[in-house]
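Notes for the structure review
The chain contents come next:
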Amino acid sequence: EAGVAQSPRYKIIEKRQSVAFWCNPISGHATLYWYQQILGQGPKLLIQFQNNGVVDDSQLPKDRFSAERLKGVDSTLKIQPAKLEDSAVYLCASSPNFGDTQYFGPGTRLTVL
Amino acid sequence: DAKTTQPTSMDCAEGRAANLPCNHSTISGNEYVYWYRQIHSQGPQYIIHGLKNNETNEMASLIITEDRKSSTLILPHATLRDTAVYYCIVRATGNQFYFGTGTSLTVIP
């Protein structure tokens with residue numbers, strides 16, 4: 001079974017630029033999550049989708065971050081404009097259904113200069 | 001916020017059992033204990049979870065005390081590839097996973 005796929009693996013941008021990350025969950029998984037992991041810390045949930053609907057986006061900085069999962073399969077997380085403090089690893093995870101064990105992708109390491 | 005307490009770091013000799021403790025003294029009756037690990041530059045990897053009873057799978061064993069206030073993850077024969085950060089998380093079904101800073105385990109040759 002293929003795991004969660006993410007791209008790109010690495011991205012370097014300058015502050016105030018825009019960036020987008022892509023995630024393809026495990027086939028058949030209804031729930032998709034985006035996490036932010038700052039160096040030295042554990043992952044922090046940003047947003048959670050059930051199929052193509054948002055379940056929880058309470059920790060998403062909505063003034064600059066947005067995410068979508070239009071067809072209920074893959075998802076895109078966007079940052080516009082980026083700040084220095086957005087430098088982190090962005091992790092995507094999926095689970096068969098809401099509340100099930102989550103399986104993580106390899107992450108995208110973002111560096112904002 | 002994380003509801004668990006773990007040692008910051010631990011060492012273990014290769015081939016020996018690694019016993020990683022976790023304190024969760026405020027755990028509720030409907031909360032499970034989950035363990036994930038994160039090898040450098042990879043996403044977190046699910047290891048095991050349990051509610052009351054001890055659990056074992058091909059990766060590890062989870063021992064939960066009778067009062068459920070603490071647990072221990074056991075890697076029976078640690079290898080160098082087990083060097084990672086190990087996260088202990090308590091979570092009720094449907095709730096978020098709150099990752100703390102975990103325990104950095106170093107397996108020494």
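Summarised in this report is the structure supplied together with it. Model, not experiment: these values are computed from the prediction. (Residues numbered from 1 in each chain as written. Chains lettered and ligands numbered in written order. Predicted model: local features only at pLDDT ≥ 70, side-chain atom pairs only at ≥ 80, totals over all residues. Heavy atoms only, no water.)

**A word on the packing of aromatic side chains**
A complete count under the given rule lists 15 aromatic pairs over all chains for this structure. Measuring from centroid to centroid gives 4.9 Å for B:Y34 and B:F97, while their planes differ by 90 degrees, and the two rings are edge-to-face. You can see B:Y34 sitting in strand β3 (residues 31-38) and its partner B:F97 sitting in the loop between β8 (84-92) and β9 (103-108), a full 63 residues away along the chain. With a relative accessible area of 4%, B:Y34 lands in the buried category. By relative accessible area, which is 2% here, B:F97 ends up buried. An aromatic cluster of at least three residues, connected via ring pairs, comprises A:Y33, A:Y35, A:Y103, A:F104, B:Y32, B:Y34, B:Y36, B:Y46, B:Y87, B:F97 and B:F99. (Phe/Tyr/Trp six-rings, centres within 6.5 Å; stacked < 30°, edge-to-face > 60°. Helix = DSSP H or I, 4+ residues; strand = E, 2+ residues; numbered from the N terminus. Buried < 20%, exposed > 50% of the residue type's maximum accessible area, 1.4 Å probe, protein only.)

**Quick look at the sheet that holds strand β7 (residues 70-75) of chain B**
Residues and elements named next belong to chain B. Read from one edge to the other, the open sheet built from four strands follows the order β2-β7-β6-β5, with strand pairing classed as antiparallel. Looking at which strands have only one partner, the edges of the open sheet turn out to be β2 (18-23) and β5 (55-56). Judged from the six bridges that link them, β2 and β7 form a sheet pairing that is antiparallel. Within β7, the residue paired with N23 across the bridge is S70. (Pairing = 2+ DSSP bridges.)

**Concerning the state of the cysteines**
Residue and element names in this part refer to chain A. Inspection of the entire model under this criterion finds two disulfides over all chains. Each sulfur in the disulfide pair C23 and C92 lies 1.9 Å from the other. Since a negative S-S torsion denotes a left-handed disulfide, the C23-C92 link at about -70 degrees is left-handed. Separated by 69 residues along the polypeptide, C23 in strand β3 (residues 19-24) and C92 in strand β9 (residues 88-95) bring together distant segments of the chain. (Disulfide = S-S within 2.5 Å.)

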